[in-house]
Structure formats: structure tokens, C-alpha cells
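Close look at the chain arrangement
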Amino acid sequence: MAQFVHFSPDVEKVAADEAETIRGLEEQFRTILDTTSADYDRGVRAVHAKGHGIARGTLTVADDLPPELAQGLFAHGGTFEAVLRFSTNAGDILDDSISLPRGLAIKVLGVEGDRLPGSEGDGTQDFVMANAPAFAAADPKQFLGNLKLLAKTTDKAEGAKKLLSAFLRGAEAVVEAVGGQSAMLSTMGGAKPVHPLGATYYSQTPFRYGEHIAKFAVVPVSGIRDFADETINASGRPDAIREAMNELLIEQGGTWELRVQLCTDLEKMPVEDASVVWDEEESPFRTVATITVEPQLAWQPGASDATEDKLSFMPWHGLAAHQPLGGVNRARNDPYRMSAGYRGRVNGCPIHEPARLAELTD
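Keep in mind that this is a model prediction, so the values were computed, not measured.

A short note on the packing of aromatic side chains
Applying the stated rule across the entire model yields 10 aromatic pairs. With 5.1 Å between their ring centres and 70 degrees between their planes, Phe127 and Phe216 make a pair best called edge-to-face. In this pair, Phe127 sits in strand β4 (residues 124-130) while Phe216 sits in strand β7 (residues 212-220), placing the two residues 89 residues apart along the sequence. Across the pair, exposure class does not vary: Phe127 and Phe216 are buried alike. Members of the aromatic cluster, each reached through a chain of ring pairs, are Phe74, Phe127, Phe207, Tyr209 and Phe216.

What to know about the environment of Asp34
Here Asp34 shows up in helix α1 (residues 18-40). The exposure class of Asp34 is partly exposed, given its relative accessible area of 40%. Taking the C-alpha atoms as reference points, Asp34 and Val44, separated by 10 residues in sequence, lie 10.0 Å from one another.

Details of the pairing of strand β2 (residues 78-88)
With 8 of its 11 residues buried, β2 lies for the most part within the structure. Relative to β2, strand β1 (residues 51-61) is paired through 10 bridges, and the arrangement is antiparallel. The residue of β2 that forms the bridge with Ile54 is Arg85. Looking at chain direction, β2 and strand β3 (residues 102-109) are connected through 7 bridges and run antiparallel. If you follow Ala82 over to β3, its bridge partner there is Val108.

Quick look at helix α7 (residues 327-347)
End to end, α7 covers 31 Å across 21 residues, agreeing with the expected 30 Å (1.5 Å per residue, within 8%). Asn333 marks the point of greatest bend in α7, at about 30 degrees, and the proline Pro335 comes within the next four residues. Burial within α7 is extensive, with 15 of its 21 residues counted as buried.

Re unusual backbone geometry
For Asp41, which is not a glycine, the phi torsion comes out positive at approximately 55 degrees. Inspection of the secondary structure assignment puts Asp41 in the loop between α1 and β1. Positive phi, close to 55 degrees, is recorded for Asp64, a residue that is not glycine. The topology assignment puts Asp64 in the loop between β1 and β2.

Focus on the packing of α1 against helix α2 (residues 140-153)
Running from N to C, α1 and α2 cross one another at 20 degrees; their axes reach a closest spacing of 9 Å. The angle between α1 and α2 falls in the class roughly parallel. Where α1 crosses over α2, the two elements pack in a sense that is left-handed. Mapping the contact onto sequence places Glu18, Thr21, Gly24, Leu25, Gln28, Phe29 and Ile32 in α1 and Pro140, Lys141, Phe143, Leu144, Leu147, Lys148 and Ala151 in α2. Of the residues in the contact of α1 with α2, the class split is 8 nonpolar, 3 polar and 3 charged.

Parameters and conventions
Residues numbered from 1 in each chain as written. Predicted model: local features only at pLDDT ≥ 70, side-chain atom pairs only at ≥ 80, totals over all residues. Heavy atoms only, no water. Phe/Tyr/Trp six-rings, centres within 6.5 Å; stacked < 30°, edge-to-face > 60°. Helix = DSSP H or I, 4+ residues; strand = E, 2+ residues; numbered from the N terminus. Buried < 20%, exposed > 50% of the residue type's maximum accessible area, 1.4 Å probe, protein only. Pairing = 2+ DSSP bridges. Expected span 1.5 Å × (residues − 1). Bend = angle between axes of the 7 residues up to and from the residue. Axes fitted to C-alpha atoms, helices over the stretch in contact; angles between N-to-C directions. Parallel < 35°, antiparallel > 145°, perpendicular 65-115°, else oblique. Left-handed = near helix turned anticlockwise from the far one by under 90°. Contact = heavy atoms within 4.5 Å. Nonpolar A, V, L, I, M, F, W, Y, C, P; charged D, E, K, R; others polar.

Right, here's the structure in full:
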């Protein structure tokens, strides 16, 4: 029987200069936001600016989970409303022929329990995920270095980005052919152009899981799993991903399992190095809930844009039982909040946490 690491505050080790690094991240976020809000005459997210689909559905927690899994949101069986947002990672809204990693953000509504600082009074739990098992930076300093590079390329020659993306995609394909993957090549435009509905998504960073420590994954299990290897040809189609999402989601909807990987060894499964993939041989992902989305349009011009303006997703929206852990997560807290507030001010649409899905169309 595996021995699961118990959570305690001392699993985190805060660097002496971490506050300074976080201020640097905020500066880079603001640089991106200033650029894009001037370009688009509206506020968009500093990262994952382009949404490809927003889906409304439910999250159902499994009944009678074993004690180590029956924690926090998952302590008891039940069904919650949920909204899902599919995106790519850039801070500007790019032609889909630029191949970028996919993102999935989930907001679970009607969640009760002790809250994380900054989310008091809310009733939601967010999961912010991407289609790679580990983060592209090990720690806040590397995260800042990566973000500086992205900030410098925001709003720079989309035609050149298309050419660079084609080159990087070729380089990444060579790496993948020998069983590898380069987080940097993918982040800069060399990601495999997978169909978002067929992808598996990961929290990448660790979280408190009640008494334990865990990472999360969302895995397609209905017919959409057949699209796991499907790629989207976006040549000459700047919004090809939205088109592909609409075609598939309105046809069959989707079902995913939300899975948890519990930490069993802090040396092999570190909290402070977000770039380390936790070995599934050491601790497999185990299902704790099912996400169900009935057939619907993924993107409706105008309506979906308005819904996006109302919502923010961040790791620090949620229960204290699912506190984000590690330097990268700590570094995301203040910049993400600043980004949401900036967007709300520019758009004249303050961000608020919905209590029910109907509020998104009220």
C-alpha cells in the first residue's frame, strides 16, 4: 500500500528574493496588458488570451471514494454546475496557424468550505490546466525569464510568427519522433496542433489535497477521446480551432474524468520544481469525478466574448483544502489577480464569481 505524503506548511520553501521576482512578473503582465488593450481597444487576458470554446456542464464527484481521495471538494459525492474554457497560451489573439499549447480552465460552482485568501465569500473552485504534464518553468525566476521573452514578442509581426511557428513545429516534431518533448519549443510556437477536445490536461503544478499533496488531470473518456491524435490544419483559417470545436461539441458533447495523482515521495515528486513530471509508476492518476458537457455550441461570436469578459480563472480561486503549492503557484497569485482587475477596468465589466450558470447569460 502506497504511503502518501501528508501536507504540512513546511513542504514549501520560499526563496529569499521571491517577492522581488513576483513584482517582476507583475511588470511583465502589465506590459503585455498595456500592449494588447491598446491593440484591441478592450482588455484581454495576459496569458491564454484567445478562447476557442466555452462549455457549460456538470462535475459529479464519485460516491464512496477511499479516505485518501475523499478530501476537500471530493469529500462527498455530489453534482455541481461547471463552466469550461478552452484556450491557447499566448497573451495576444493570434492566427490559429501559430501552433501553441492548449489550455483548459474549469470553474466549479456552488462549492462550500473554508476559502483561500482572496476568494473569501466566493463559492467556486477553479482548475487551471494545460496539455502537458509539467510546467515550462521550474521556479518563479525561470517563469519570469520565460514571460519576459513572451512580453517582447507580444504584438510583433504576426507573419513572422507564422514562419517561426512552422520552423519550431518542425523542430519539435523531430524531438517528439525520438520520444521527447521541448516545453520551450512548444511554448514559443512549436506545439503539436492537437484538437482541444481530445487532449488530456494537467494542473502541472502541485496542490494541497486535504491531508495530502496532489496534481490533477482531466482525461477525455467519451467519443471525443478518439480525437486525441487529431490535428487541426489552420492554414488560411485564422479561427480554425473554434470551427473544429463547434463541429465536434455540438455533435456529441463530451465526458472527461477528473483524476488525482497523490504525492508519495517529496524527492521524486517535488513541490518546488514545477518542471518535474511526477512518475505515474510511483503514483498513478485516480478518478475522483466526472465532467459532463451536453452537445452545445462551443463558440458563438459576441455571446462567447461577453461570457469571457465576465469570467476569470486562477489557481487561487477555491478551497483552502486545495491550496496551490510551490513557487510557480505562489508567483501566479498576485499577477493573475492584477490581470483580472486590469481587464475588468478596461472593459467596464468587473469580474465576479458566478453562483450559478444562469448568471452567465443573465
